Amino acid sequence: MVKVFINGYGNIGRRLASALSADKEVQFVGVAKYTVDDKVKEALYHRYNVFVPKGMIPAFKDKGYDVTGSVEEAVRQSDFVIDAAKEGGGYDNKKSLYEPMGKPAIFQGGEDRHGEHAVADMIHNSRVNYSKAAGRTYVIQGSCNVSGMGRMMQPLIEKFGSRIKRYDVQLIRRWADLEDTKPVKDSIEWDRNPHHQDDVRDFIPAANLYVDAFKVPSRMMHLHQMFIRFDRAPAKDEILECFRNEFGVAIISSAKGTGDVRKKALELGFAHGDTNMVHIHQDILRVQDDTVKIGYSDDQTGMVIPENHMLLQSMAFKRSREEALKRSDSLFHMSKKRKVLEEEFK
Ligand SMILES: NC(=O)c1ccc[n+]([C@@H]2O[C@H](COP(=O)([O-])OP(=O)(O)OC[C@H]3O[C@@H](n4cnc5c(N)ncnc54)[C@H](OP(=O)(O)O)[C@@H]3O)[C@@H](O)[C@H]2O)c1
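Note that the structure is predicted; figures quoted are calculated from it, not measured.

(A) Layout of the overall build of the protein. Within the protein one finds 12 helices and 16 strands. The C-alpha atoms of the protein give a radius of gyration of 20 Å, which matches the 20 Å a tight globule of 346 residues would have. Split into buried and exposed, the 346 residues of the protein put 54% on the buried side. Restricting the contact set of the protein to residue pairs at least 6 apart, pairs at least 24 apart contribute 72%. Of the roughly 15,400 Å² of accessible surface on the protein, 46% is carried by carbon and sulfur atoms.

Here you go:
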């Protein structure tokens, strides 16, 4: 049994906690909270042990929250940490806690891979470089978009190789997650320096990839429009064939937008309303001259949760990818979810 602590209880931490607390192979130590708010109540309701910064224990106790101890104690008693801090917070945690205590950790996609605040020298994508993470001490799990792009590009690379000349991706990103309280601003904003293309090149170094990212006033998933330029473009069926048996890829036809997919996931009772996958919208997949255009939606909050679970299996258990996929599938029911979504949106 590996003792795992989740440092953070936001959109990602909360989902990781649901999954790992149900995983029989893991001894789930608990979660960290840094703000005294209602989310503590939620974590306690789920019977998670809640750890807080040492100096804040009295503030949590004063509010009647029965916290277990300090974050430092939690890290000390764990074999492994999954850091789910808000963007950039993982670096300080690494320096102040994980490195001094010699604890291996997974970091999330908002952390730096390069520069003075780099937390690890590898970004994981379970479709591309799963086995390279085995036995490493620190690895970053790619962000939702980076995970989705890897999941789409790798099968195409394996089938078409050097016939592919270039990828251009336009990321249309949600303004806020469903659970976020921040307002959704009525504007379309662009990112002057998207990190995604460099992140993807970390695990697909030869990718001739160019990414533009736009944030839109929505809470409902991301949509990627991927343009793939070929020397001679394949037929639509040949493209779809690449994804028929891909883990975490659904091929759907009748959704009118990302909201339809998210609402269906909620209606079907998927945990947290997550599909945990990308959905190719085959009704807008077009082959035009030398270019294939694939529109797929990317479940921003759910995508990276099974990815973290896969990464944990590589780093902590050094398990084969096939075995890890089976275990992640049995925890997240992704094959079943895919089948249901393909049926609902056929
Ligand atoms: N949201 C997504 O769709 C998504 C998708 C893929 C990857 N990611 C990445 O996942 C990471 C977390 O994102 P999120 O959306 O979960 O953020 P979030 O909802 O803002 O949650 C951040 C959490 O960090 C906690 N925190 C504050 N100080 C901390 C510290 N020193 N150490 C650890 N945790 C601390 C906060 O606790 P309190 O609430 O108690 O203050 C909060 O629970 C980021 O790197 C992000 O880029 C996010």
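Having put the structure on the table, let's press on.
(B) Just the site of the ligand, in detail. Neighbouring the ligand are 22 residues, the closest being Ile 12, Lys 33, Tyr 34, Thr 35 and Asp 177. In this structure, Gly 10 approaches the ligand through a main-chain N or O atom, which is 2.9 Å from an oxygen atom. Within the contact set of the ligand, an oxygen atom lies 3.4 Å away from a backbone nitrogen or oxygen of Gln 300. Protein contact buries 83% of the 890 Å² of open area that the ligand shows by itself.

(C) Expanded view of the pairing of strand 8 (residues 138-141). What you see with strand 8 is no split at all: Tyr 138 and Ile 140 on one side and Val 139 and Gln 141 on the other are buried throughout. Note that strand 6 (residues 105-107) and strand 8 share three bridges and pair parallel. Looking across to strand 8, one finds that Phe 107 is bridged to Ile 140. Pairing analysis gives two bridges linking strand 7 (residues 123-124) to strand 8, with the strands arranged parallel. Following the sheet pairing, Ile 123 is matched in strand 8 by Ile 140.

(D) Expanded view of the nonpolar core. With 92 residues, the main nonpolar core has Met 149, Ile 280 and Ile 294 as its most contacted residues. It is helix 6 (residues 144-160) that provides the largest number of residues to this core, a total of seven residues. Leaving out residues up to four positions away in the same chain, Ile 280 has contacts with Met 152, Leu 240, Phe 243, Val 249, Ala 250, Ile 251, Ile 252, Leu 285, Ile 294, Gly 295 and Tyr 296. The next biggest cluster of nonpolar side chains, apart from the first, holds 10 residues, and it includes Met 221, Ile 252, Met 277 and Leu 341.

(E) Structural detail: the packing of helix 1 (residues 11-21) against helix 10 (residues 304-317). Following both chains from N to C, one finds helix 1 and helix 10 inclined at 55 degrees, their axes separated by 10 Å at the closest point. With respect to helix 10, the axis of helix 1 lies oblique. The handedness of the crossing between helix 1 and helix 10 comes out as right-handed. Where helix 1 abuts helix 10, its residues Ile 12, Arg 15, Leu 16, Ala 19 and Leu 20 lie against Val 304, Ile 305, Asn 308, His 309 and Leu 312. The residue inventory of the contact of helix 1 with helix 10, partitioned by class, reads seven nonpolar, two polar and one charged.

(F) Local environment of the environment of Tyr 167. Structurally, Tyr 167 is set in strand 9 (residues 164-174). Linking Tyr 167 and Tyr 210, residues 43 residues apart in sequence, is a C-alpha distance of 6.3 Å. Setting aside chain neighbours within four positions, we find Tyr 167 in contact with Met 153, Ile 157, Asn 208, Leu 209, Tyr 210, Met 226, Phe 227 and Ile 228.

(G) Local environment of the side chain of Ser 314. One can find Ser 314 in helix 10. Owing to a relative accessible area of 1%, Ser 314 belongs among the buried residues under this scheme. Contact partners of Ser 314, with chain neighbours within four places excluded, come to Tyr 130, Ser 131, Ala 133, Ala 134 and Gly 135.

(H) Structural view of the pattern of salt bridges. Using the criterion set out here, one finds 30 salt bridges in the structure. Asp 299 is paired through a salt bridge with Arg 262; the nearest N and O atoms lie 2.9 Å apart. Taken together, the positions of Asp 299 in the loop between strand 16 (291-298) and helix 10 and Arg 262 in helix 9 (residues 258-267) put the pair 37 residues apart, joining distant regions of the chain. Judged by relative accessible area, Arg 262 falls into the buried class, the value being 1%. A salt bridge links Arg 327 to Glu 323; its shortest N-O distance comes to 3.0 Å. Here Glu 323 and Arg 327 lie together in helix 11 (residues 321-332), a separation of four residues that amounts to about one turn.

(I) Quick look at the pairing of strand 9. As paired strands, strand 9 and strand 12 (residues 222-230) are joined by eight bridges and run antiparallel to one another. Paired with Ile 172 across the bridge in strand 12 is Leu 223. As paired strands, strand 9 and strand 11 (residues 209-216) are joined by eight bridges and run parallel to one another. Bridging across to strand 11, Tyr 167 finds its partner in Leu 209.

(J) Just the sheet that holds strand 1 (residues 2-7), in detail. The parallel open sheet is built from eight strands, whose spatial order is 4-3-2-1-5-6-8-7. In this open sheet, the two strands that pair with only one neighbour each are strand 4 (69-70) and strand 7.

(K) Structural context of unusual backbone geometry. The phi angle at Arg 47 is positive, at roughly 65 degrees, despite the residue not being glycine. Inspection of the secondary structure puts Arg 47 in the loop between helix 2 (38-45) and strand 3 (50-52). For Arg 47, a relative accessible area of 77% puts it in the exposed group. The phi dihedral of Lys 318 falls on the positive side, at around 50 degrees, and the residue is not glycine. Note that Lys 318 resides in the loop between helix 10 and helix 11.

Reading the values: the criteria
Residues numbered from 1 in each chain as written. Predicted model: local features only at pLDDT ≥ 70, side-chain atom pairs only at ≥ 80, totals over all residues. Heavy atoms only, no water. Helix = DSSP H or I, 4+ residues; strand = E, 2+ residues; numbered from the N terminus. Rg over C-alpha atoms; globule rule 2.2 N^0.38 Å. Buried < 20%, exposed > 50% of the residue type's maximum accessible area, 1.4 Å probe, protein only. Contact = heavy atoms within 4.5 Å. Areas by Shrake-Rupley, 256 points an atom, 1.4 Å probe, with all protein chains shown as cover. Near = heavy atom within 4 Å. Polar contact = N/O pair within 3.5 Å; in protein donor to acceptor, adjacent residues only side chain to side chain. Pairing = 2+ DSSP bridges. Core = buried A, V, L, I, M, F, W, Y, C linked by side-chain atoms within 4.5 Å. Axes fitted to C-alpha atoms, helices over the stretch in contact; angles between N-to-C directions. Parallel < 35°, antiparallel > 145°, perpendicular 65-115°, else oblique. Left-handed = near helix turned anticlockwise from the far one by under 90°. Nonpolar A, V, L, I, M, F, W, Y, C, P; charged D, E, K, R; others polar. Salt bridge = Lys/Arg side-chain N within 4 Å of Asp/Glu carboxyl O.

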